[in-house]
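Observations on the three-dimensional arrangement
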Amino acid sequence: MEFGVYHCRCVLDSCSYLRNSSDTEEWVPCTQWSFNSSLFTSSITSEFGLACDRDYQRANYQAAYMFGTLLGQYIGGYLADRYGRKIVVVVTHVLMSITAIGMVFLNSFITILIFRFINGAVYLLMPFILSMEVCPPKYRATVGVLAGMPWAFGTIFWGAAAYFVRDWRYLQLTVSLPSLLIFIPLYFMDESPRWLIVEGHHTKALKVLKKASRWNRATLPSDEDLLKLFKDIENQTVSNISKQNEESHDQEAKKSKSCGRPKLFSTTQISIITTILCWSFFTVSLVFDGLNLSGDIYSADPFLYIILGGLVEVPGYTLSVPIIERFGRKIPTAGNYFFCGVVILVVIIIPTHITWLVMTLVLLGKLFITAAYQIIYVYSTELFPTEVRSQGMGLACVCQQAGSVLSPYITTYIGPLCPWVPSVLFGGASLLSGITTLKLGETLNIPLPDTVADLVNISRRRREKQDEVTFRQDEVTSDIMCQTELKSDCDF
């Protein structure tokens, strides 16, 4: 830009302007900027001057929330097991509302980052876990799908709200105030009866079940029978926990005496499963969150991009369950990764002025990665043996959060400099996940492994089953060929 004797230039890592003073010229760092206000009258970037050498702070704003979710999942799970599901749900929702609404009134960017971190840390899956614990088994698949729908509807609401509210503080307040409505149903919510039984609070569990029976017009056994059943469940659970603690103690003792590898990498089979699933969780989170944050890269209208992005999540959630029940887990998972990678990579060769085609392809990628996100949780819990399932899912979730933390730096920091890089990274990672998933075994109608050693037996069963299918196909083919030959003889 040129303003009289001042000339401004922008380089990769800093911004400065040329100042003429007498007979000398010098480049002076910029301290004030003029921001484009055509989309937003006020934003985090314009208010706090997140430009030039502070441009990376925009990515930090997104990553702070992701870092919070990484920490919160583990602390929240421990607290819920220790003090109960309901109290954790209530406290986290209180903190979520306070931090979300409180950001509107903050004038320090560092304090905003802290609030963002806390807001992410209190975003837990505990409401989902609580709903699964009180849901009958035959409805769990449906409830599991419905539990993901509010995320899609929330994304649509964000896009619509941002279209009408162009100041970031008023927008933050607009989308945060509805969180206060959750306290109405929370007032009527009960503690998980399963947790109450396991923890020995049998009288409270009985009260919760009686309330549920009145609402559902169901008949319960007598109080004496229920209390006896509760006691048996508690004793069985305590026995199982004691057994697991003893086994864990024995395993730790063995590890201390030897230099053996961790259980998750103790055999070839479990090493392959662990490595591939960790990469899959990293990829699905990297691509899903990355596409959510890429409205300014792939679309000329970020509001429409967000709204349509939420809409395509709906079939991604709803169609995945019947598909995996019909066609298994492996092929749908690999297929969703593969198709997502292909359509995102094709975007690179599409001229940028054909915005409708670019956005269509990206939204297709969002549809496929959403379906993969839904399926990978089911698939991974069936692949990890019971012996290491908690460890495996914990490690996979760490990789998942790592992808979430990395995604804003790709879209917000690297994307504006090299617009094709996000497509290469997202598309390439998806393709690689699709290819590696084919190395995993199918789990549909296969007994779940209890130990790492069971993986060998299950692999043998899969080979025997495949050999049986191949043998039957050969028999059918032979019969068809014989019938064809007989028909030819008759015709002759």
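**Description of the overall build of the protein chain**
When its secondary structure is counted, the protein chain shows 20 helices and four strands. Nonlocal contacts in the protein chain, meaning residues at least 24 apart in sequence, comprise 73% of its contacts between residues at least 6 apart.

**Remarks on the side chain of His202**
Mapped onto the elements of the fold, His202 is located in helix H10 (residues 202-216). On the basis of relative accessibility, which here comes to 12%, the residue His202 falls in the buried class. Sequence-distant contacts of His202, defined by excluding residues within four places in its chain, comprise Leu196, Ile197, Leu227, Phe230, Lys231 and Glu234.

**Concerning the side chain of Thr92**
Within the fold, Thr92 resides in helix H3 (residues 85-102). At 2.7 Å, the side chain of Thr92 and the backbone oxygen of Val88 are in polar contact. Leaving out residues up to four positions away in the same chain, Thr92 has contacts with Val122 and Leu124.

**With respect to the confidence of the model for the protein chain**
Confidence along the protein chain averages 81 in pLDDT terms, with 82% of residues attaining 70 or more. This stretch, residues 1-13, has a pLDDT under 50; its non-local contacts, to residues over four places away or in other chains, come to 22 contacts. Below pLDDT 50 for its whole length, residues 480-492 participates in zero contacts with residues either more than four positions away or in separate chains.

**Topic: the nonpolar core**
Ranked by internal contacts, the top residues of the largest apolar core, which has 48 residues, are Leu291, Tyr298, Ile369 and Phe426. Among the secondary structure elements, those contributing two or more residues to this core are helix H6 (140-164), helix H12 (268-292), helix H14 (302-318), helix H16 (330-346), helix H17 (355-383), helix H18 (389-414) and helix H19 (421-437). Leave out the neighbours within four places in its chain, and Tyr298 touches Leu291, Tyr305, Val347, Val358, Met359, Val362, Pro422, Ser423 and Phe426.

**Some words on the pattern of salt bridges**
As a working rule, side chains carrying opposite charge can pair if their charged atoms are close by. Per the stated rule, a full pass over the model turns up seven salt bridges. Note that Lys210 is salt-bridged to Asp223, the shortest N-O span being 2.9 Å. Note that Lys210 is positioned in helix H10 and Asp223 in helix H11 (residues 223-257), a separation of 13 residues in sequence. Between Arg329 and Glu325 there is a salt bridge, and its shortest N-O distance comes to 3.8 Å. The partly exposed category is assigned to Glu325, whose relative accessible area is 48%.

**Points about the layout of surface pockets**
Quantified by volume, the second largest pocket comes out at close to 1,100 Å³. Lining of the second largest pocket is provided by 35 residues; of these, Glu133, Val134, Cys135, Pro193 and Ala212 occupy positions nearest its centre. Among the elements that take part in the lining of the second largest pocket, H10 stands out by supplying seven residues, more than any other. Class assignment of the residues belonging to the lining of the second largest pocket gives a composition of 26 nonpolar, four polar and five charged.

**A word on the environment of Glu325**
Among the structural elements, Glu325 can be located in helix H15 (residues 320-327). Each C-alpha atom, one on Glu325 and one on Asn445, is 9.4 Å from the other, the two residues being 120 residues apart in sequence.

**Details of the packing of aromatic side chains**
Scanning all chains against the criterion turns up twelve aromatic pairs. Plain terms: the ring middles of Tyr163 and Phe164 are 5.1 Å apart, the flat faces sit at 90 degrees to each other, and that makes the pair edge-to-face. Classification of Tyr163 by relative accessible area gives partly exposed; the value is 44%. With a centroid separation of 5.8 Å and 85 degrees between ring planes, the pair formed by Tyr163 and Phe303 is classed as edge-to-face. Note that Tyr163 is positioned in helix H6 and Phe303 in helix H14, a separation of 140 residues in sequence. Site record: aromatic cluster; members linked through ring pairs are Phe40, Tyr163, Phe164 and Phe303. Here Lys366 stacks its cationic end above the ring of Phe288, 5.3 Å away from the centre of that ring.

**Observations concerning helix H5 (residues 126-133)**
For H5, the set of buried residues is Met126, Leu130, Met132 and Glu133. Here the buried residues of H5 occupy an arc of 160 degrees about the axis, which is enough to place them on one side.

**A closer look at the packing of H12 against H16**
For the pair H12 and H16, interaxial distance at closest approach is 12 Å and the crossing angle is 40 degrees. In terms of their interaxial angle, H12 and H16 are classed as oblique. The element H12 and its partner H16 pack so that their crossing is left-handed. For the pair H12 and H16, the contacting residues are Ser280, Thr283, Val284, Val287 and Leu291 in the first and Tyr337, Cys340 and Ile344 in the second. Classifying every residue of the contact of H12 with H16 by side-chain character gives six nonpolar, two polar and no charged.

Calculation notes
- The numbering scheme is per chain: residues are counted from 1 as the chain's sequence reads.
- A pLDDT threshold of at least 70 governs which residues receive local features in this predicted model, and a stricter bar of 80 or more applies before side-chain atom pairs are shown or counted, although totals over entire chains, interfaces and linings include all residues.
- Hydrogens are left out, water is left out, and the side-chain values use all remaining heavy atoms of the structure.
- Only DSSP runs of H or I with at least four residues qualify as helices, and only runs of E with at least two residues qualify as strands; both kinds are numbered from the N terminus onward.
- Any pair of residues with heavy atoms lying within 4.5 Å of one another is described as a contacting pair.
- Whether a residue is buried, partly exposed or exposed follows from its accessible area with a 1.4 Å probe, protein chains only, as a fraction of its type maximum: under 20%, in between, or over 50%, in that order.
- Definition of a polar contact: a pair of N or O atoms within 3.5 Å, with one able to donate and the other able to accept a hydrogen when the atoms are protein atoms, and with sequence-neighbouring residues admitted only if both atoms are side-chain atoms.
- pLDDT gives the predictor's per-residue confidence on a scale running from 0 to 100.
- Here, nonpolar core refers to any group of buried Ala, Val, Leu, Ile, Met, Phe, Trp, Tyr and Cys residues whose side-chain atoms link them within 4.5 Å.
- By definition, a salt bridge exists where a carboxyl oxygen of Asp or Glu is found within 4 Å of a side-chain nitrogen of Lys or Arg.
- The way it works is a 1 Å grid over only the protein atoms, where trapped points that fit a 1.4 Å probe form a cavity and open points with protein on both sides within 12 Å along at least five of seven lines form a pocket, and then any residue with an atom within 4 Å of a point lines it.
- Grid points are joined across faces, edges and corners, and a volume is the space filled by probe spheres set on the points.
- By the convention adopted, Pro, Cys, Tyr, Trp, Phe, Met, Ile, Leu, Val and Ala count as nonpolar, Lys, Arg, Asp and Glu as charged, and the other residues, Gly among them, as polar.
- Stacked, edge-to-face and tilted are the three classes for Phe, Tyr and Trp ring pairs, Trp counted by its six-membered ring, which pair at centre distances within 6.5 Å; planes under 30 degrees apart are stacked, over 60 edge-to-face, the rest tilted.
- The rule for a charge over a ring is simple: NZ of Lys or CZ of Arg within 6 Å of the ring centre, and within 35 degrees of the ring normal.
- The arc in question is the one spanned by the directions pointing from the helix axis to the C-beta atoms.
- Geometry is summarised by axes, namely lines fitted to C-alpha atoms with helices restricted to the contacting stretch, and by angles between N-to-C directions that run from 0 to 180 degrees.
- By the definition adopted for this analysis, an angle is roughly parallel if under 35 degrees, roughly antiparallel if over 145, roughly perpendicular if from 65 to 115, and oblique otherwise.
- Should the near helix be turned anticlockwise from the far one by less than a right angle, the crossing is termed left-handed; should it be turned clockwise, right-handed.

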